[in-house]
Amino acid sequence: MAVETPPIEELLGILDDLVAFDSVALTPNVDLVDHIVAYLRPHCTDIALTHDETGTKANLFATIGPAVDGGVMLAGHSDVVPVDADDWATPPFTATRVSDRVYGRGTADMKGFVACVLALVPRLASLDLVRPVHVALTFDEEDGFHGAPILIDSLGDHPRPSAAIVGEPTGLQVVGAHKGCYEYTTSVTGMNGHSSRPTEAVSAVHHATRWIGGLLDLGAELAGRAPADSRFEPPHTTTNVGVVGGGLARCTVAADCSFDWEMRPVQGTDAGFVKERMAAVEAELLAEMRIVHPGASIETEVVCEIDGLEWVEASPALDLMRTLLGGETDVGVVAYGTEAGLYQSAGIPSVVWGPGDIAVAHRPDEFVEVADLEACVAVLARLDEVLTA
Ligand SMILES: [Zn+2]
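Residues numbered from 1 in each chain as written. Predicted model: local features only at pLDDT ≥ 70, side-chain atom pairs only at ≥ 80, totals over all residues. Heavy atoms only, no water.

Chemist: What is the right way to look at the overall build of the protein chain in this model?
Modeler: A tally of helices and strands in the protein chain yields 11 helices and 17 strands. Relative to its length of 389 residues, the protein chain is compact, with a C-alpha radius of gyration of 23 Å against a globular reference of 21 Å. Overall size of the protein chain, expressed as C-alpha extent along the three principal axes, is 80 × 45 × 40 Å. Each of the 389 residues in the protein chain was classed as buried or not, and the buried ones make up 51%. Taking all contacts inside the protein chain whose residues are at least 6 apart in sequence as the whole, residues at least 24 apart take part in 82%. Summed over its atoms, the accessible surface of the protein chain is roughly 16,400 Å², and 52% of this surface lies on carbon and sulfur atoms. (Helix = DSSP H or I, 4+ residues; strand = E, 2+ residues; numbered from the N terminus. Rg over C-alpha atoms; globule rule 2.2 N^0.38 Å. Buried < 20%, exposed > 50% of the residue type's maximum accessible area, 1.4 Å probe, protein only. Contact = heavy atoms within 4.5 Å. Areas by Shrake-Rupley, 256 points an atom, 1.4 Å probe, with all protein chains shown as cover.)

Structure below.
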């Protein structure tokens with residue numbers, strides 16, 4: 001028997017409120033967190049906030065039920081990716097219902113899931129819980145997973161959940177593994193000069209392209225390193241250079257160039273392999289650059305190094321999903337990164353499962369199907385079976 005599922009209009013009302021906060025990653029989210037705290041407060045036995053160093057961004061860890069180990073953590077992020085409102089048919093920070101869909105930034109990724117969780121909280125809180133349910137919400141997931149490590153550091157002060165559901169948009173398919181997500185910014189510093197005398201200067205742009213070429217050259221080897229039983233598509237570690245910027249003018253040798261790049265390792269050793277190979281490429285470039293300009297440099301800043309969610313054949317998180325879904329279920333893998341890998345590394349068995357389609361996330365006209373929200377909240381309503389038994 002499940003707890004009574006909230007009426008859809010109530011759930012959509014909660015989603016409307018969440019979408020109205022333009023909680024874009026790297027901007028303050030405390031208004032949104034305050035709003036959620038005010039909603040949760042009457043139903044929680046504990047609400048703990050952890051902040052970034054500016055105090056303008058907060059993670060939330062709320063406990064409903066007794067302060068004992070063995071509960072279930074429902075986890076999400078409070079931030080969304082930026083918008084270009086001109087590309088949207090509806091205002092991105094207004095949840096807009098058009099037939100069977102709700103449009104708005106974050107409806108799929110992942111305020112729809114958060115709304116389902118919040119709608120259920122009062123109903124779960126009214127039960128005689130023997131195990132708690134926790135609501136975990138992080139900041140800045142979409143730009144380097146900055147909040148989750150701070151939240152995880154604080155988990156020692158709280159009862160330990162036995163399993164976590166990270167509600168990223170999987171179309172309600174259980175996801176048991178994903179690749180890692182390692183993100184970097186590399187800055188090349190050369191020396192400017194007139195382009196008619198290139199040998200008397202050091203082009204940061206030219207050397208950056210050779211560094212990038214070295215990274216791309218690793219593609220075939222990375223493909224060859226894929227584990228034979230890799231469940232991923234593509235099965236191997238990939239890299240991408242997403243942004244490049246540098247130089248002043250066509251006729252000037254560029255003194256600076258920087259680029260944002262990433263790799264998505266299918267295994268931890270691949271990250272080490274890429275770093276080792278790129279260190280060799282870099283040493284060769286630097287030696288050349290410093291013949292002309294001893295101050296030349298290539299510096300790489302780590303934005304994040306998020307480990308993948310490792311595949312396990314059996315776990316309390318998979319058991320939980322079988323209970324909630326009422327039987328065996330296919331468990332898939334995805335190529336995108338989530339906080340589930342971090343929670344798993346911290347000792348909390350995790351799966352990814354939530355409403356919405358990842359294909360519409362991070363794009364204009366993001367939406368979630370109302371039917372997905374209804375299905376999600378109906379499944380989560382069965383939590384009473386594990387929390388009261
Ligand atoms: Zn997300």
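Anyway, onward from the coordinates.
Chemist: Explain the side chain of Thr 50 here, please?
Modeler: Locating Thr 50 in the fold gives a position in strand E1 (residues 46-51). Excluding residues that lie within four positions of it along the chain, Thr 50 makes contacts with Lys 57, Ala 58, Asn 59, Phe 139, Ile 150, Leu 151 and Ser 154.

Chemist: Looking at this model, I keep getting lost on the pattern of salt bridges. Mind explaining?
Modeler: Once the charged atoms of two side chains with opposite charge are near each other, the side chains can pair. With the rule as written, the count across this model stands at 16 salt bridges. Among the salt bridges present, the one from Glu 4 reaches Arg 123, with a minimum N-O distance of 3.8 Å. Placement of the pair is Glu 4 in the segment before helix H1 (8-20) and Arg 123 in helix H3 (residues 107-125), with a sequence separation of 119 residues. One salt-bridge network, held together by shared partners, links Glu 4, Glu 10 and Arg 123. (Salt bridge = Lys/Arg side-chain N within 4 Å of Asp/Glu carboxyl O.)

Chemist: Explanation requested: the pairing of strand E7 (residues 163-166) in the structure shown.
Modeler: Side-chain direction in a regular strand flips from residue to residue, so the side chains alternate between the two faces of the sheet. Here E7 shows two buried faces, one formed by Ala 163 and Ile 165 and the other by Ala 164 and Val 166. Pairing geometry for strand E3 (residues 72-77) and E7, over four bridges, is parallel. Among the inter-strand pairings, Val 72 is bridged to a residue of E7, identified as Ala 163. The sheet contact formed by E7 and strand E16 (residues 350-352) spans three bridges and is parallel. Directly across from Ala 164, in E16, lies its bridge partner Ser 350. (Pairing = 2+ DSSP bridges.)

Chemist: For this particular structure, what's the right way to read H1?
Modeler: Two residues of an α-helix separated by three or four positions point the same way, owing to the 3.6 residues in each turn. Between the first and last C-alpha of H1 there are 18 Å, a value that for 13 residues agrees with the 18 Å anticipated at 1.5 Å per step. For H1, the complete set of buried residues consists of Ile 8, Leu 11, Leu 12, Ile 14, Leu 15, Leu 18 and Val 19. The buried residues of H1 occupy one face: seen down the axis, they fall within an arc of 155 degrees. Buried residues in H1 make contact with helix H2 (30-40), strand E4 (96-98), strand E5 (101-103), H3, strand E17 (367-369) and helix H10 (370-380). (Expected span 1.5 Å × (residues − 1). Arc of directions from axis to C-beta.)

Chemist: Would you mind showing me how to read empty space enclosed by the protein here?
Modeler: Tallying each qualifying case throughout the model produces two cavities of 30 Å³ or more. Quantified by volume, the largest cavity comes out at close to 50 Å³. What lines the largest cavity is Leu 18, Leu 32, Ile 36, His 77, Ser 78, Lys 111, Val 114 and Leu 137. Those elements that place two or more of their residues in the lining of the largest cavity are H2 and H3. (1 Å grid on protein atoms, 1.4 Å probe; cavity = no way out; pocket = protein on both sides within 12 Å on 5 of 7 lines; lining within 4 Å. Points joined across faces, edges and corners; volume = space filled by probe spheres on them.)

Chemist: Could you clarify how one ought to interpret the coordination of the zinc ion in this entry?
Modeler: Six octahedrally arranged donors around a metal ideally form angles of 90 or 180 degrees; four tetrahedrally arranged donors ideally form angles of 109.5 degrees. Donor atoms from the polypeptide that coordinate the zinc ion comprise His 77 (NE2), Asp 109 (OD), Glu 168 (OE) and Glu 168 (OE), at 1.9 to 2.6 Å from the metal. Every donor counted, the four donor atoms about the zinc ion form angles of 54 to 135 degrees at the centre, which fits irregular coordination. Donor residues for the zinc ion, ordered by position in the chain, follow H-x31-D-x58-E. Residue His 77 is found in strand E3, and its partner Asp 109 is found in helix H3; the two are separated by 32 residues along the sequence. (Donors = N, O, S within 2.8 Å, 3.2 Å for Na, K, Ca; no water. Tetrahedral: all angles 85-135°; square planar, octahedral: opposite > 155°, others 65-115°.)

Chemist: Please clarify how the packing of aromatic side chains should be interpreted in this entry.
Modeler: The relation between two aromatic rings is expressed through the spacing of the ring centres and the mutual angle of the planes. All told, the structure shown has four aromatic pairs when counted by the stated rule. Here Trp 211 and Phe 259 contribute two aromatic rings whose centre-to-centre distance is 5.3 Å and whose plane-to-plane angle is 55 degrees, an arrangement assigned as tilted. One end of the pair, Trp 211, is in helix H5 (residues 204-217); the other, Phe 259, is in strand E13 (residues 256-264), and 48 residues separate them in sequence. Judged on exposure class, the residue Trp 211 and its partner Phe 259 are both buried. For Arg 101, the ring lying beneath its charged end belongs to Phe 367, and the centroid distance is 3.9 Å. Between the NZ or CZ atom of Arg 225 and the centre of the ring of Phe 273, over which it lies, the distance is 4.3 Å. (Phe/Tyr/Trp six-rings, centres within 6.5 Å; stacked < 30°, edge-to-face > 60°. Lys NZ or Arg CZ within 6 Å of the ring centre and 35° of its normal.)

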